[in-house]
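Below are the chains, spelled out letter by letter.
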Amino acid sequence: MKKVTPFLMFEGKAEDAMSLYCETIPDSSVLDVTRYGPGEDGPEGTLKLARVSIGGLDVMVFNSPVHHAFTFTPSVSLYVDCSSEEELNRVVETMAKDGAFLMPPDNYGFSRRFAWLNDRFGVSWQVNLS
């Protein structure tokens, strides 16, 4: 075995999600992108598969051309440790836009400031002030 990598599958929104994550989470970048070509299942020129670094974590991002009867679940989430309250607020505000809170930002006793949310793509994020 070489490596274990989180794999996020979207249906047509992978590029938007990838851009949001790389713009929002510090130390994030797109590492490589493969696009659908002529005769492939997805729309030509759209993102097929990408590898991104989200806060230093390598993540695969895929646009499925097939509709599935499932999506993301909060039982698997990306956990972000922020270094300041300002950073936490910025990340939470950006990720929560058109999403939904599972736990709004607050002091829950285990952390000075913590929020758990699903972004507009359905991906679950736990954002913590460490």
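The paragraphs below set out a description of the structure included in this document. (Residues numbered from 1 in each chain as written. Predicted model: local features only at pLDDT ≥ 70, side-chain atom pairs only at ≥ 80, totals over all residues. Heavy atoms only, no water.)

### Regarding the pattern of salt bridges
Inference 1: For the coordinates displayed, the defined rule picks out six salt bridges.
Inference 2: As a salt-bridge pair, Asp-32 and Arg-51 come within 3.0 Å of each other at their nearest N and O atoms. Taken as a pair, Asp-32 in strand β2 (residues 29-35) and Arg-51 in strand β3 (residues 47-54) lie far apart in primary sequence, 19 residues in all.
Inference 3: Accessibility expressed as a relative area gives 34% for Asp-32, which makes it partly exposed.
Inference 4: Of the charged contacts, one joins Asp-58 and Arg-51 as a salt bridge, the two residues approaching to 3.5 Å between their closest N and O atoms.
Inference 5: The class for Asp-58 is buried, based on a relative accessible area of 18%.
Inference 6: Salt bridges sharing common partners tie together Lys-3, Asp-32, Arg-51 and Asp-58. (Salt bridge = Lys/Arg side-chain N within 4 Å of Asp/Glu carboxyl O. Helix = DSSP H or I, 4+ residues; strand = E, 2+ residues; numbered from the N terminus. Buried < 20%, exposed > 50% of the residue type's maximum accessible area, 1.4 Å probe, protein only.)

### Examining the side chain of Asn-118
Inference 1: Residue position: Asn-118 is located in strand β7 (residues 114-118).
Inference 2: Residue class for Asn-118 comes out buried when judged on its relative accessible area of 17%.
Inference 3: A distance of 3.4 Å separates polar atoms of two side chains, one belonging to Asn-118 and the other to Ser-124.
Inference 4: Setting aside residues up to four positions removed in sequence, Asn-118 forms contacts with Pro-74, Met-95, Gly-99, Ala-100, Leu-102, Val-123 and Ser-124. (Polar contact = N/O pair within 3.5 Å; in protein donor to acceptor, adjacent residues only side chain to side chain. Contact = heavy atoms within 4.5 Å.)

### Notes on the pairing of strand β8 (residues 124-129)
Inference 1: By the criterion of burial, β8 is predominantly enclosed, with six of the six residues buried.
Inference 2: Covered by surrounding structure in β8 are Ser-124, Gln-126 and Asn-128 together with Trp-125, Val-127 and Leu-129, the residues of both alternating faces.
Inference 3: Looking at chain direction, β7 and β8 are connected through five bridges and run antiparallel. Residue pairing in the sheet places Asn-118 in a bridge with Ser-124 of β8. (Pairing = 2+ DSSP bridges.)

### Considerations on the sheet that holds strand β4 (residues 57-63)
Inference 1: An order of β1-β4-β3-β2 is seen for the four strands of this open sheet, with the pairing classed as mixed. Strand pairing shows two members of the sheet lacking a second neighbour, β1 (7-10) and β2, which therefore form its edges. Each strand of the sheet is rotated relative to its neighbour by a mean of 20°, with strand direction disregarded.
Inference 2: Alignment of β2 against β3, held across six bridges, turns out to be antiparallel. Directly across from Val-30, in β3, lies its bridge partner Val-52.
Inference 3: In the packing of helix α1 (residues 14-24) onto the sheet, the strands contacted are β1, β2, β3 and β4, and the crossing angle to β3 comes to about 15°. (Axes fitted to C-alpha atoms, helices over the stretch in contact; angles between N-to-C directions.)

### Remarks on the nonpolar core
Inference 1: Grouped together as the largest cluster of nonpolar side chains are 30 residues, with contacts concentrated most on Phe-10, Tyr-21, Val-61, Met-95 and Trp-125.
Inference 2: Elements with a contribution of two residues or more to this core: β1, α1, β3, β4, β5 (77-82), α2 (85-96), β7 and β8.
Inference 3: Per-element tally for this core: the top contributor is α1, with six residues.
Inference 4: Val-61 has contacts with Leu-8, Phe-10, Ala-14, Met-18, Leu-47, Lys-48, Leu-49, Ala-50 and Val-52, leaving out every residue within four places of it along the chain. (Core = buried A, V, L, I, M, F, W, Y, C linked by side-chain atoms within 4.5 Å.)

### What about the side chain of Ser-124?
Inference 1: Within the secondary structure, Ser-124 is located in strand β8.
Inference 2: Using a relative accessible area of 1% as the deciding quantity, one classes Ser-124 as buried.
Inference 3: Side-chain polar atoms of Ser-124 contact the side chain of Trp-116, separated by 2.7 Å.
Inference 4: Not counting chain neighbours up to four residues away, the residues in contact with Ser-124 comprise Thr-73, Pro-74, Val-76, Ser-77, Leu-78, Leu-102, Trp-116, Leu-117 and Asn-118.

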